[in-house]
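Inside the fold
Here are the chains, one letter per residue:
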Amino acid sequence: TSAATLASFDGTGTTADGHLVPLLANVGNAKDAEAAAALGAQGVGLFRTEFCFLERDTEPTVDEQAAAYRAVFAAFPGRKVVVRTLDAGADKPLPFLTDATEPNPALGVRGYRTDWTTPGVLERQLSAIAQATEDSEADVWVMAPMIATRPEAAHFAGLCAAAGLKTPGVMVEVPSVALTAGSVLQEVDFASLGTNDLTQYAMAADRMLGPLAGLNDPWQPAVLRLVQLTVEGAKAAGDKAVGVCGESAADPALAVVLTGLGVNTLSMTARSLAAVGTVLKSVSLPEAQELAALAVNAPTAAEGREAVRSRLPMLAELG
Ligand code: PEP
Ligand code: MG
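Residues numbered from 1 in each chain as written. Chains lettered and ligands numbered in written order. Predicted model: local features only at pLDDT ≥ 70, side-chain atom pairs only at ≥ 80, totals over all residues.

**Here we look at the sheet that holds strand β5 (residues 168-172)**
Around the barrel, 8 strands lie side by side as β1-β2-β3-β4-β5-β6-β7-β8; this closed barrel has parallel pairing. When strand polarity is set aside, the average angle formed by the axes of neighbouring strands in this sheet is 25 degrees. Relative to strand β6 (residues 190-193), β5 runs parallel, the two sharing 4 bridges. In the strand pairing of β6, Gly 169 is matched with Phe 190. (Pairing = 2+ DSSP bridges. Helix = DSSP H or I, 4+ residues; strand = E, 2+ residues; numbered from the N terminus. Axes fitted to C-alpha atoms, helices over the stretch in contact; angles between N-to-C directions.)

And the structure:
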């Protein structure tokens, strides 16, 4: 029955009582995007543009970039595609942007911060995105990784406007932004929670280190509290959209909790779409809110996870 249940998933993210939560895909190139569209993704919630250029020693030209972006947009005509500007550094070094000798790369010049040490690359990327957007039917949104302060968000929004791009946003991966979301989000149109890094930074635990996996757990109540604060801040800043694009969105039980916390969209690896959609469909929004409260108030990550999982019989059905 589990295969039949999964197969009946039609791609629409909704709770049992009809609260819509669009399910989007995380992609790194056109091949991923086409596969995600075939699996029912309603759009792209995270296009990791650095994945297009990991092999490169030099900056790709604007035309090369535009071609790579256009190919992803082509898989989602009329749909939302959230492009993340280059997130170079730490686990994803790009020789033309990052310094391999940094002692603490996760706390170093990565993501948006590379604009300070290598000015111009971000502007050229934004013009490549704008060029690709002009030739496509996708609804293109653009966001910056590793934003930590409101002036950074304002600067990024200004660069997007100068490039002719609408709908700028920020990733919420640094706890400072979750804590000040009501202020930071006044500068941009949306937020996307990168729970992989948000967890790493909230728990001070390198996400690459196996022995720290227990800390690097998005069920940690402290992490869920940061998600809650981000949603509250986004409401206060004029009802800005909040998505989740970290791996947490691919855990069906956690996807229910995130929905209960008020997240608007969930973006994940495409192979998780059916399981997340099926479990989400098995609960009402008020039930999801109750489960969210259980997880946020749990004494530990493990107890929160178990409490929520035990109240989701659909999980057992899926096996
Ligand atoms: C994240 O940090 O949760 C995220 C989605 O970005 P990445 O995994 O690419 O750092
Ligand atoms: Mg990240």
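Right, picking up where we left off after that structure.
**Quick look at the environment of Ser 183**
Structurally, Ser 183 is set in helix α8 (residues 181-184). Distance in space between the C-alpha atoms of Ser 183 and Ala 33 is 33 Å, their sequence separation being 150 residues.

**With respect to the environment of Val 256**
By secondary structure assignment, the location of Val 256 is in helix α11 (residues 252-260). Measuring from C-alpha to C-alpha, the distance between Val 256 and Val 279 comes to 7.6 Å, with 23 residues separating the pair along the chain. Not counting residues within four places of it along the chain, the set of residues in contact with Val 256 comprises Val 279, Leu 280, Val 283, Ala 288, Leu 291, Val 308 and Leu 312. (Contact = placed C-beta atoms within 7 Å.)

**Structural notes on helix α9 (residues 195-203)**
Here α9 lies mainly inside the structure; 8 of its 9 residues are buried. Within the sequence span of α9, burial applies to Thr 195, Asp 197, Leu 198, Thr 199, Gln 200, Tyr 201, Ala 202 and Met 203. Residues of α9 that are buried sit in contact with β5, α7 (175-179), β6, α10 (221-236) and β7 (241-244). (Buried ≥ 20, exposed ≤ 12 C-beta atoms within 10 Å, placed from the backbone.)

**Examining the nonpolar core**
Counting 96 residues, the largest nonpolar core has Val 44, Val 170, Val 257 and Leu 266 as its most contacted members. What Val 170 contacts, discounting residues up to four positions off in sequence, is Met 143, Ala 144, Ile 147, Ala 153, Phe 156, Val 177, Val 184, Val 188 and Ala 191. (Core = buried A, V, L, I, M, F, W, Y, C linked by C-beta atoms within 7 Å.)

**Here we look at helix α5 (residues 121-134)**
With 14 residues, α5 ought to run about 20 Å at 1.5 Å a step, and its terminal C-alpha atoms sit 20 Å apart, in line with that. Buried within α5 are the following residues: Leu 122, Gln 125, Leu 126, Ala 128, Ile 129, Ala 130, Ala 132 and Thr 133. On its buried side, α5 packs onto α3 (62-73), β3 (80-84), α4 (114-117), β4 (139-144) and α6 (150-162). (Expected span 1.5 Å × (residues − 1).)

**Details of the confidence of the model for the protein**
Averaged over all residues, the pLDDT of the protein is 96; the fraction at 70 or higher stands at 99%. Confidence metrics for the complex model read pTM 0.97 and ipTM 0.99. (pLDDT = per-residue confidence, 0-100.)

**Considerations on the packing of α11 against helix α14 (residues 301-309)**
Direction vectors running N to C along α11 and α14 enclose 90 degrees, while the axes themselves pass 10 Å from each other. In terms of their interaxial angle, α11 and α14 are classed as roughly perpendicular. Residue-level contacts link Ala 253, Val 256 and Val 257 of α11 to Arg 305, Val 308 and Arg 309 of α14. The class makeup of the residues in the contact of α11 with α14 is 4 nonpolar, no polar and 2 charged. (Parallel < 35°, antiparallel > 145°, perpendicular 65-115°, else oblique. Nonpolar A, V, L, I, M, F, W, Y, C, P; charged D, E, K, R; others polar.)

**What about the site of ligand 1?**
With respect to spatial proximity, the complete set of residues near ligand 1 consists of Leu 46, Arg 48, Asp 87, Glu 173, Gly 194, Thr 195, Asn 196, Asp 197, Cys 245 and Gly 246. When residues of the shell around ligand 1 are traced back to their parent elements, those giving at least two are β2 (43-48) and α9. Ranked by residue count, the leading element in the shell around ligand 1 is α9, at 3 residues. By residue class, the composition of the shell around ligand 1 is 2 nonpolar, 4 polar and 4 charged. (Near = placed C-beta within 6 Å.)

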